[in-house]
Structure formats: C-alpha cells, structure tokens
Amino acid sequence: MRKNIVIAVLIAISFVFSSCGGNRPSEENYESDTTSSAAQNLETSTSTPADRKFVKTVDLQFKVKNVFESTLSIEGNAKRFGGYTISSDIQHSVTQDREVRYTTDSLMRISQISYSNKIVVKVPSQQVDSFLHSIRPLIAFLDYRTITLTDVTNRSNANEAVTRAYDEAAQNMTEQVDSRAGKVGEAVEAEQAALNTKIAAAEMAAAKQQLQDDVRMSTVILNIYQKETLAKDVYANFDKVATDSQSFISRLGDSIAYGWETVKECFLFIVQLWGVMLYLALAVLAYYWVRKFVEKNRKK
C-alpha cells in the first residue's frame, strides 16, 4: 500500500514538470510558422498587358538556413528557368571576436561570424513568377520584397522610328557620296557625314537591342543572409610556451588560475542540473511525507 502511494506521488510530480515544460514555444515550430508566413508574402503575379512592354525588376532580402547551399539552389533554379547569374558574391564579417585562456600554453579565439550574399540573376520575364515560387522553401524570414514594372512602350516605339530614320538617312548619304565621286572635296564631306550617320544608327540599334533584352529578361536581386555562427580556433600562446624558463611562482600562479577555471566549469555544470536536483528533493520530501502519513494511520 505504501509503495503504491509513493509511486503515485512521483508520477504526479513528473506530470507537473512535463506540463510546465510543454507550454514553452518550440524554436523549430516558430521557424516553421515564420517560413510559412514568408512564403505567403512572396506570392505575387508580375503578369502585364500583352499590348504593353515592361522592364521588370524584383528586389528581395531574406534569411536562409545556409548561405552557401541557398546560393547554389538559387543559381540552379535561375538556369533551370532559362536564366543566368550576373553576379554572386559570398562574404562574411566578424561581428564579435575575443580570446580566452584554453590551457596554460594555449589560447582560444571565439568569433561570431555573419555570412551573406548578394545574387543578381536574369530570368525570362514570363518565368519570373515560377522562379520566385521555386525559392520559397529557402526563405526562413522575409525582410522585404520590392517589384518594379517600368512601362517602356513609348520609348520602344520611339527607338523603332529613330532607327528607321537613321537607316534612311544613311542610305541617302551613301547615294550622295556616289554621285559626287568626281568632286573630291564634296565627296569627302559627304562620306564623313554618311559615316557619322552610320555610327549614330549603330548606337541607336544597340540601344534598341538593349531595351528589347531588358524587356525579355527581368532582373532579380536577392540579398540573403543566415544566422550568426560561432567559430572556435585554438592556437599556441607563445608567451607561455617556454614553461621550463618560468619561475616556480609563475608556474604556480598559472596552475591556480587553470584550476580555478576548472572549478568554475564544474560549478556551472552543476547549476545546469538544478531541475534534476529539485525533482529529487521533491521526491525525497514526498517519500518521507507519505511514510509519516502511513505510520500515523497504522497507529490509529
């Protein structure tokens, strides 16, 4: 009877502890909810009227789990949808850096490192929505998303008209040069004017082609970053390497300091077990309380 009561009390205490621990939100669940929200914010449609010409630019910044792996995935998706990567520059920056004593003759450098990358890709304008949809699983947190559609229909029409005018002018200039073949001075001037017209026509044709490329291929700028990571590096402490040359007092001081660091680590480890110790203390108290209660009932 007494044994059953003790077991019941212990089970009740365990239930209380598990209930308290279960109310805390899980970091994994939080990240999952954040990712789902970011994916919904990325939903968009960049479709445009068929009778108009637009230059599309998409600018994104978001957090990923791993910058290097996400970069490979983004570049691969751009290629898969008929695009290509213009630039990709993975960088890291040290936000915090400090040195601590590791052993008597070595030090440990602890660095807090942040990785980021700015990726610029060109994607066919008809595939922009599909490309954005493909990178949704990479987003842990979306900082911003900016979509710019610039209507260049009038500029495109003007380029067409100017190109035709230059072509006609170049043709007329060529005919004038041929007609003045016997007059050297006039022929040279006419030839120079024809050359200038041809150069202007070539420049206009290049601008026209560039505008057509901008309309056909959209620019997507992706600024990605990841959670800061810790890097630890142990290296020799050259000031303490020659221990044989140190005096006894100096070596004694180093030993005391190293021993004190060990004591602190052990104390911190014990403090981390406060929950287990509290559980054991409550279990012991419950055992003695039940035992006293049972003995008191027996006397009655």
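For the structure, check the block above.
Glancing now at the overall build of the protein chain. Check the secondary structure of the protein chain and you find 8 helices and 6 strands. In the protein chain, the succession of α and β elements from N to C terminus is α-α-β-α-β-β-α-β-α-α-β-β-α-α. For the protein chain, the residues scored as buried account for 26% of the 300 residues in total. For the protein chain, long-range pairs separated by at least 24 residues make up 83% of all intrachain contacts whose partners lie at least 6 apart in sequence.

For the rest of this paragraph, the subject is the nonpolar core. The biggest cluster of nonpolar side chains holds 21 residues, and the ones touching the most others in it are F62, I74, F131, I135 and L222. Of all the secondary-structure elements, those providing two or more residues to this core are β1 (54-64), α3 (67-80), β3 (106-124), α4 (128-134) and β5 (217-226). Ranked by residues supplied to this core, first place goes to β1 with 4 residues. When residues no more than four places from it in sequence are discounted, the contact partners of F62 are I74, I135, I139, F141, L142, D143, L222, N223, I224 and Y225.

Right, let's talk about α3 for a bit. Taking 1.5 Å of rise per residue, 14 residues should cover 20 Å, and α3 covers 20 Å from first to last C-alpha, within 8% of that figure. The complete set of buried residues in α3 reads V67, S70, T71, I74, N77 and A78. Down the axis of α3, the buried side of the element spans an arc of 135°, and every buried residue falls inside it. Exposed side of α3, more than 90 degrees from the buried face: K79 and R80 are the residues found there. Contacts from the buried residues of α3 go to β1, β2 (84-103), β3, α4 and β5.

On to the side chain of K122. Tracing the chain through its elements places K122 in strand β3. With a relative accessible area of 12%, K122 lands in the buried category. A polar side-chain atom of K122 sits 2.8 Å from a polar atom in the side chain of T219. Each residue touching K122, except ones within four places of it in the same chain, is listed here: G83, Y84, I86, D214, M217, S218 and T219.

On to the pattern of salt bridges, then. Under the defined criterion, the tally for this structure stands at 4 salt bridges. Two residues, D97 and R109, come together in a salt bridge whose shortest N-O distance is 3.7 Å. With a gap of 12 residues between them, D97 in strand β2 and R109 in strand β3 connect regions that are remote in the sequence. On the basis of relative accessibility, which here comes to 46%, the residue D97 falls in the partly exposed class.

Calculation criteria
Numbers given to residues run from 1 along each chain, matching the order in which its sequence is written. Predicted model: local features are reported for residues with pLDDT of at least 70 only, side-chain atom pairs are reported and counted for 80 or more only, and whole-chain, interface and lining totals are derived from all residues. Remark: hydrogens and water are excluded; side-chain values derive from all non-hydrogen atoms of the structure. Numbering of helices and strands runs from the N terminus; a helix is a DSSP stretch of H or I covering at least four residues, while a strand is a stretch of E covering at least two. Think of it in three bands: with a 1.4 Å probe and only protein chains considered, a residue is buried below 20% of the maximum accessible area for its type, exposed above 50%, and partly exposed in between. In this description, contact between two residues means that some pair of their heavy atoms is separated by no more than 4.5 Å. Throughout, nonpolar core names a set of buried Ala, Val, Leu, Ile, Met, Phe, Trp, Tyr and Cys residues whose side chains join them through atoms within 4.5 Å. Expected span of a helix, by definition, is 1.5 Å for each gap between consecutive residues, and there is one gap fewer than residues. An arc is given here, and it is the one of the directions from the helix axis to the C-beta atoms. Here a polar contact is taken to be a pair of N or O atoms separated by no more than 3.5 Å, where protein atoms must pair a possible hydrogen donor with a possible acceptor and residues adjacent in sequence count only if both atoms sit in side chains. By definition here, a salt bridge exists when the distance from a side-chain nitrogen of Lys or Arg to a carboxyl oxygen of Asp or Glu is within 4 Å.

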